[in-house]
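As a plain string of letters, each chain reads:
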Amino acid sequence: LPSFAGLDIATGLRHCARRTDLYRQLLQRFADDHSGFGPDLETSISMNQLDKAMRQMHTLKGVCATLGAHDVRDHAADLESALQLDDQSRIRTCLTATVNAVSVFVQALNEHFTAAPQHETTAVDQTISATDDHAPPTAIRPVSEWLPRLLVLLEQGDNEARELWWANRESI
C-alpha cells in the first residue's frame, strides 16, 4: 500500500473492511479517474454552473473521506463551502488549492503504483491495528482549523461531521 503524507491508510482500510486489495483498487481508480482533474471543474465555475461544481466537490469530499485523503477532502470541503456562499474571491483561492491538492495526491499515487507491482504486499499490521474507531488522532489541530467546517457539515446533515469530530476531539 502507498504510504505518504496526506494519506491516512487506517481510515481507508477501515472503510474497506480492512481489505487491502479493495483499498489498493480504489486508490488506483481514484488516480486514474482524477489524473486530469481541474479543467471540467474550472469550466463549471467559469460558466457559473455552481450547482454542478458543488456536486463535484461534494462527491470528491466523500470519496476522499473514504480513502483517507484528508488534505484533499479538506480542500474540497472548503471549495464546496465557498461555492455555497458564492464568494468569488474565496472560490478562486479554494479552486487553485483543491486542484493542486488533487494533483499532488494523484502524482503520489501514480509514483507508488508505477514503482510497486500490484501483487506486492506491504506490512499493514500496524495500520490495521490503528483502524480502531477509538484510536487517538495522529495530530492535534487547532479548533479554528476544523470547527467552521464541522458547523457547515452539521448544518448540511453530512455524515462526514462525525469523522471530523472524532479525528479532532482531543483538541477541545
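Throughout what follows, the structure given in this document is the object of discussion. (Residues numbered from 1 in each chain as written. Predicted model: local features only at pLDDT ≥ 70, side-chain atom pairs only at ≥ 80, totals over all residues. Heavy atoms only, no water.)

**Re empty space enclosed by the protein**
Applying the stated criterion across every chain yields a total of two cavities of 30 Å³ or more. Considered as a void within the structure, the second largest cavity measures approximately 30 Å³ in volume. Lining the second largest cavity are Lys61, Ala77, Glu80, Arg149, Val152, Leu153 and Gln156. Going through the elements one at a time, helix H5 (70-85) and helix H8 (143-156) are the ones with two or more residues in the lining of the second largest cavity. (1 Å grid on protein atoms, 1.4 Å probe; cavity = no way out; pocket = protein on both sides within 12 Å on 5 of 7 lines; lining within 4 Å. Points joined across faces, edges and corners; volume = space filled by probe spheres on them. Helix = DSSP H or I, 4+ residues; strand = E, 2+ residues; numbered from the N terminus.)

**Looking at the packing of helix H4 (residues 50-67) against H5**
Packing of H4 against H5 brings their axes to within 8 Å, and their N-to-C directions diverge by 155 degrees. Judged by the inter-axis angle, H4 sits roughly antiparallel to H5. Pair H4 / H5 crosses with left-handed handedness. Contacts between H4 and H5 involve Leu50, Ala53, Met54, Met57, His58, Leu60, Lys61, Cys64 and Ala65 from the first element and Val72, Arg73, Ala76, Ala77, Leu79, Glu80, Leu83 and Gln84 from the second. Of the residues that constitute the contact of H4 with H5, the class distribution is 12 nonpolar, two polar and three charged. (Axes fitted to C-alpha atoms, helices over the stretch in contact; angles between N-to-C directions. Parallel < 35°, antiparallel > 145°, perpendicular 65-115°, else oblique. Left-handed = near helix turned anticlockwise from the far one by under 90°. Contact = heavy atoms within 4.5 Å. Nonpolar A, V, L, I, M, F, W, Y, C, P; charged D, E, K, R; others polar.)

**Considerations on the pattern of salt bridges**
Evaluated as defined, the whole model comprises six salt bridges. Overlapping salt bridges bring together Arg73, Asp74 and Arg149 as one network. (Salt bridge = Lys/Arg side-chain N within 4 Å of Asp/Glu carboxyl O.)

**Some thoughts on the packing of helix H3 (residues 39-46) against helix H6 (residues 88-115)**
Two elements in contact, H3 and H6, have axes whose closest approach is 11 Å; the angle formed by their N-to-C orientations is 170 degrees. Viewed along their axes, H3 and H6 adopt a mutual orientation that is roughly antiparallel. Contact with H3, carried on its side by Leu41, Glu42 and Ile45, involves Ile91, Leu95 and Val99 of H6 and no other residues of that element. Its residues assigned to classes, the contact of H3 with H6 comprises five nonpolar, no polar and one charged.

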